[in-house]
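Here are the chains, one letter per residue:
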Amino acid sequence: MGEITGRQVFGFTAGAFGIIIAVNLLLAYKAVTTFPGLEVSNSYVASQDFDRSRLAQEALGWTLTASYETAEKRLYLSFVDANGRPAPLAALSVLVGRTTEAQDDQTPEMVNAAGLWTAPLDLSEGKWLLRVDAKAKDGTAFSQRIGLFVRG
């Protein structure tokens, strides 16, 4: 085995740091390009209305349950009021996507079938996030984020 020279040590050190810098640049690029965006444009303004909106939503007494049937490729949402009956919705919008990127986002057209909201939706295996926004008949907003895990 030969002697280790200064050039070899420098080459090894430069190579190691080069790999570390390349990986950091790749991770920074991926973090910036896959970020889906801001939740609100001004968090201070949004915080001023948060408690009032939360209390109004809690007063509705609604419970939201989401499920996905892989074989049927169908999403189901159940809104139940405090008495266990289907909650009367005036409007409903749903955004289904991944938590880390916006390229898989989908906005299914939900239809009410006997008190159960449903839509055909082709989701691949993994973790999904549902952003559900609804309005009660009196105009009270209901908003909830639900994690959904799809098994293959």
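Residues numbered from 1 in each chain as written. Predicted model: local features only at pLDDT ≥ 70, side-chain atom pairs only at ≥ 80, totals over all residues. Heavy atoms only, no water.

1. Quick word on the sheet that holds strand S1 (residues 63-69)
Through backbone hydrogen bonds, the strands of a sheet pair up, either in parallel or in antiparallel fashion. An order of S1-S2-S5-S4 is seen for the four strands of this open sheet, with the pairing classed as antiparallel. Single-partner strands in this sheet number two, and they are S1 and strand S4 (111-113). Each strand axis lies, on average, 30 degrees off the axis of its neighbour in the sheet, ignoring direction. With five bridges joining them, strand S2 (residues 74-80) and strand S5 (residues 116-120) adopt antiparallel strand pairing. Counted as the bridge partner of Ser78 is Leu116 from S5. (Pairing = 2+ DSSP bridges. Helix = DSSP H or I, 4+ residues; strand = E, 2+ residues; numbered from the N terminus. Axes fitted to C-alpha atoms, helices over the stretch in contact; angles between N-to-C directions.)

2. Thoughts on the environment of Leu89
Inspection of the secondary structure puts Leu89 in strand S3 (residues 89-97). Given the relative accessible area of 9%, Leu89 is considered buried. Sequence separation between Leu89 and Leu121 is 32 residues, and the spatial gap between their C-alpha atoms is 21 Å. Dropping the residues within four chain positions of it, Leu89 is found in contact with Trp62, Phe79, Trp117, Ala134, Lys135 and Lys137. (Buried < 20%, exposed > 50% of the residue type's maximum accessible area, 1.4 Å probe, protein only. Contact = heavy atoms within 4.5 Å.)

3. Section: the packing of aromatic side chains
Tallied over the full model, the rule gives three aromatic pairs. Here the aromatic rings of Trp62 and Phe79 are separated by 6.1 Å at their centres, their planes lie at 75 degrees, and the arrangement is edge-to-face. One end of the pair, Trp62, is in the loop between helix H2 (43-60) and S1; the other, Phe79, is in strand S2, and 17 residues separate them in sequence. Assessed through its relative accessible area of 12%, Trp62 is described here as buried. On the basis of an interplanar angle of 45 degrees and a centroid distance of 5.4 Å, the ring pair of Trp62 and Phe142 is categorised as tilted. Of the two residues, Trp62 is situated in the loop between H2 and S1 and Phe142 in strand S7 (residues 141-150); the sequence distance between them amounts to 80 residues. Among the aromatic side chains, those forming a connected cluster through ring pairs are Trp62, Phe79 and Phe142. Positioned above the aromatic ring of Trp128 is the side chain of Arg98, whose terminal nitrogen or guanidinium carbon lies 3.9 Å from the ring centre. (Phe/Tyr/Trp six-rings, centres within 6.5 Å; stacked < 30°, edge-to-face > 60°. Lys NZ or Arg CZ within 6 Å of the ring centre and 35° of its normal.)

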